[in-house]
Every structure is written in C-alpha cells, then in structure tokens.
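Residue-level listing of the chains:
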Amino acid sequence: MSGLVLVVNAGSSSLKYDLIDVDAGASRASGVVERIGEPSSRAKHSVDGVDHRIEGTCADHGAAFELLIDAFREHGPDLAGLDLTAVGHRVVHGGADFSAPTRIDDQVEATIERLVPLAPLHNPANLEGIRVARAHFPDVPQVAVFDTAFHQTLPPHAYTYAVNRTWRDEHRVRRYGFHGTSHAYVSRRAAELLGLPVPEANVIVLHLGNGASATAVAGGRSVDTSMGLSPLEGLVMGTRPGDLDPSLPAHLSRAGVSLEDYDRALNKESGLKGLIGTNDFRELEERVTSGDVEAGLAFDVVAHRLRKYIGAYAAVLGRVDAVAFTAGIGEHSPMLRAAALDGLADLFGIEVDPAANEAAMSGEHRISTAASRVAVLVIPTAEELEIAREAAAVAAGA
Ligand code: AMP
C-alpha cells in the first residue's frame, strides 16, 4: 500500500478532490469545484497551506475535472508529472452488490448505474466523477470505495425491514447504512487507542456532521447502524429529519403535498434547518447559550435522539469498550457530547470528565474519567485518507 492517490468525491453540483500521499498519510493538495452546471462556477485549490480561488464556468463534471487538472498544473503539484497509484472514488450506494472497495471496469460502472434507484441523488453524480476520471486517466487504476460497504456485515435481523416480500425482493428495500468509511476508520482507531485487538473491541461510533449516523461495531464488524435504505433514517441531521413515522407520506399526500415536495423537504429542509432555520450547529449552540427557547428545544431533540441510539446500541452490543465521537459536530461540540452522555454512569458505566470534554476541540482525545468503565473518545475522521489507502490496496492487488 503506497504511492499517491487522487481521491474524488463527486456530488450533484460539486467535485471535491484530495491528492493523498499514502505513505506519509497526508494530503499533498486538495480542493473543491462548486456550482457545476450554474452560470458561474468557483473553485478552491489548497496547497502548502495556501488557498487559491479560481473562477470559471463548468457546464458539467467533465469541465469541472478539466478545471481541477488546470488547478494542479498552475498551483501544483502538476498531476501530469506524477505517477498516480490510483484514483479513489467515493460512491454512496453499493447496495448488496459491493462489500469491499472494487476496481472499476465497465461492468462495475454498469452495476453502480443499476443501483441509481436506491440513491437517485448521489450515485448519478458519483458515476459522472468516475466517467470523467476514467477518460482522463485511462491507464491509472480507478477504485470505487462505497459508503455502504462496511455495513454489509449487518446480520439479517438488523437489516430487514418488516415489509412485504415484493418490496424486499423486487425493490431491494432493506437497511444498507452509510458513512461506512468513517465508521470503519474511527472504530479501528478506537481499538488502537485502547490497545485492544480490533476483533475484541466493541465500539459505538457517532459520526455527527451535517449528515449524522451511529453504528454499533462488534469486533471490527458493523452489526447495526442508524441510516437505512437511504441516508435519511436515524439521527437528527443538518437538513434531514432522521426517524419518522412511516405514515407521513400518506398523511401529507392526503393534504396535497406532492412526492417531489416531500422528497425535497426531507432531504433539504428538515432536521436542524426545519427546526430553527439553519443547519449550522455552531449557530444553534450560540442561540442556545443566549437563551433562545426554540434553539433550546432543537438542541434537546438532537441530544435525545442521540441518547436513544447510544442506549439501543449498548443493548445490541452487550458490552461496550468505547463510545467514539467524530465529524464536524462530534469533534467540536463538548455541549452535545455532554448532553448525550449525561447521567449514564450507573446504567452503562459511561462517565464523561467535564474538563477533558471541554478541552477536546481538535485531535484525538479520551474524555472519560479514569473510573469510567467505557472509554469516551473524540477521534477526527479521515475519510479521504481511508479511501486513498483502500484504493491503493486494491490497485496493488491486495
Ligand atoms: P461536517 O459535515 O462533518 O463537515 O460537519 C458540519 C457540521 O459541524 C456543521 O453543523 C457545523 O456547524 C458543525 N461544526 C463545525 N465546527 C464546529 C464547532 N466548532 N462547534 C460546533 N459545531 C461545529
């Protein structure tokens, strides 16, 4: 596992990239092209601690990829002069077809396309990224790293929804789970930090960013996770509601809400955005601190949902070695970490050290007391690095 890997994360109107030196475990340059398909696109290319802003027009992902190549040529390092080991693509949905990172050929591309009905917002954009990168680098191994793959170890009783056979068989309705790269990395790091062999460590991972999910990891295997068929289920998120009563579509359609409106509202206008008008957790915290009642309720809804999942996953695992917080909110919000774990010492043996919790704002930290039976950890996620490592391993035929 060595070399340089270009990690590509293509969204519907954006293309994020990161050139990772796998040996050093570090980024050489990274950036993002935004507003693809709009009249004016913009890009940022960061190298050696300097951000370069680039304006342009990118009608599609092909043009965005050309802009990326130009940014590397102009600001360095020039990709033409580098011997890339692989291009690693983040792909959101691998369905039940992919349980590991996979080298991309025409057949793999066709399978990802077949999975579009399961992830209509994400897989088409991921495919665009794959197509333009394959066209530009035909001789470099291209590897798909799936958000769902880590959760393919879920037992049937955890992934089966209690719905009819037609839905389950013909429409592939089941729990898939997402953020797999992050959950895999953070659970492994938690075991390492505790000095436990991965097959012996039971970890509850809480990935709390704009998207949020919880996973119960038993001995390195995902055994339950809060996101489901899509990334909508589970925790309260930036713009998504998490768990809801399944009667909601019927109830709202009787009131005249169209399926398109329903889909948009649940993906883009719910969660924190729906509760307080912003999906920025920092703003939520500021408003809570200044006594805003509406914000106080929103914070309590978020924290309460999180506690429910922690309790549920403690029961699923039977024994918990660590609770690990990661992603934007998980890494930076002592307030939410404290609220989610408050009062769990007697029942679960989870005791947060308030000073250690307040102090943990960047890097890896243990924030539980010495007496706490369960370690509470803050572990920055490293999705790009993990994708690069996995892509390099696949390219090397490991
Ligand atoms: P992510 O999707 O992992 O980038 O996380 C984005 C979320 O993290 C947003 O809701 C941010 O407001 C939140 N966030 C980032 N930094 C902080 C911070 N210092 N305190 C609280 N929330 C933060």
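This write-up is about the structure you can find in this document. (Residues numbered from 1 in each chain as written. Predicted model: local features only at pLDDT ≥ 70, side-chain atom pairs only at ≥ 80, totals over all residues. Heavy atoms only, no water.)

## Looking at the side chain of His183
Stated formally: In DSSP terms, a helix is any run of H or I states spanning at least four residues, a strand is any run of E spanning at least two, and both are numbered starting from the N terminus. Think of it in three bands: residues with accessible area under 20% of the maximum for their type are buried, residues over 50% are exposed, and the middle band is partly exposed, with areas taken using a 1.4 Å probe on protein chains only. For the purposes of these results, a polar contact is taken to be a pair of N or O atoms within 3.5 Å, where, inside protein, one atom must be able to donate a hydrogen and its partner to accept one; residues adjacent in sequence count only when each atom of the pair is a side-chain atom. By definition in these notes, contact holds between two residues if any of their heavy atoms fall within 4.5 Å.
In this structure, His183 sits in helix α6 (residues 180-194). The class of His183 is buried, set by a relative accessible area of 0%. At a separation of 2.8 Å, a polar atom in the side chain of His183 contacts the side chain of Ser213. With residues near it in sequence (within four places) discarded, His183 still touches Phe150, His151, Phe178, Val205, His207, Ser213, Ala214 and Thr215.

## Side note on the site of the ligand
Note the cut-off: Working definition: residue near molecule or strand if any one of its non-hydrogen atoms lies within 4 Å of it. Under the convention used here, a 1.4 Å probe and the Shrake-Rupley method define accessible areas, while residue burial counts only the protein chains that appear. Polarity classes work like this: nonpolar for Ala, Val, Leu, Ile, Met, Phe, Trp, Tyr, Cys and Pro, charged for Asp, Glu, Lys and Arg, and polar for all others, with Gly in that last group.
Residues in contact with the ligand, as listed here, are Gly209, Asn210, Asn279, Asp280, Phe281, Arg282, Glu285, Ala327, Gly328, Ile329 and His332. Taking Asn210, its main chain carries an N or O atom lying 2.8 Å from an oxygen atom of the ligand. Note that an oxygen atom of the ligand is positioned 3.4 Å from one of the backbone N or O atoms of Ile329. Here the ligand, which alone exposes 510 Å², has 71% of that area covered by the protein. In terms of residue count, helix α12 (residues 327-332) provides more of the shell around the ligand than any other element does, four residues in total. Grouping the amino acids of the shell around the ligand by side-chain chemistry returns three nonpolar, five polar and three charged.

## A look at the packing of aromatic side chains
Heads up, the rule is: Ring pairs shown here join Phe, Tyr and Trp side chains whose ring centres sit within 6.5 Å, with only the six-membered ring taken for Trp; geometry is labelled stacked below 30 degrees between planes, edge-to-face above 60, and tilted in between. Both a distance and an angle decide whether a charge sits over a ring: NZ of Lys or CZ of Arg must be within 6 Å of the ring centre and within 35 degrees of the ring normal.
Counted under the stated rule, the structure contains five aromatic pairs. Between Phe65 and Phe137 the ring centres are 6.2 Å apart and the planes differ by 80°, which places this aromatic pair in the edge-to-face class. Of this pair, Phe65 sits in helix α1 (residues 61-75) while Phe137 sits in the loop between α3 (123-136) and β8 (142-146), placing them 72 residues apart in sequence. Accessibility expressed as a relative area gives 1% for Phe65, which makes it buried. Residue Phe137 is classed as buried on the basis of its relative accessible area, which comes to 12%. Between the aromatic rings of Phe281 and Phe299, the centroid separation amounts to 6.3 Å while the plane-to-plane angle is 45°, which identifies the pairing as tilted. Note that Phe281 is positioned in helix α10 (residues 281-289) and Phe299 in helix α11 (residues 293-317), a separation of 18 residues in sequence. One exposure class covers both Phe281 and Phe299, and it is buried. A cation over a ring is seen here: Arg174 above Tyr159, with NZ or CZ 3.7 Å from the ring centre.

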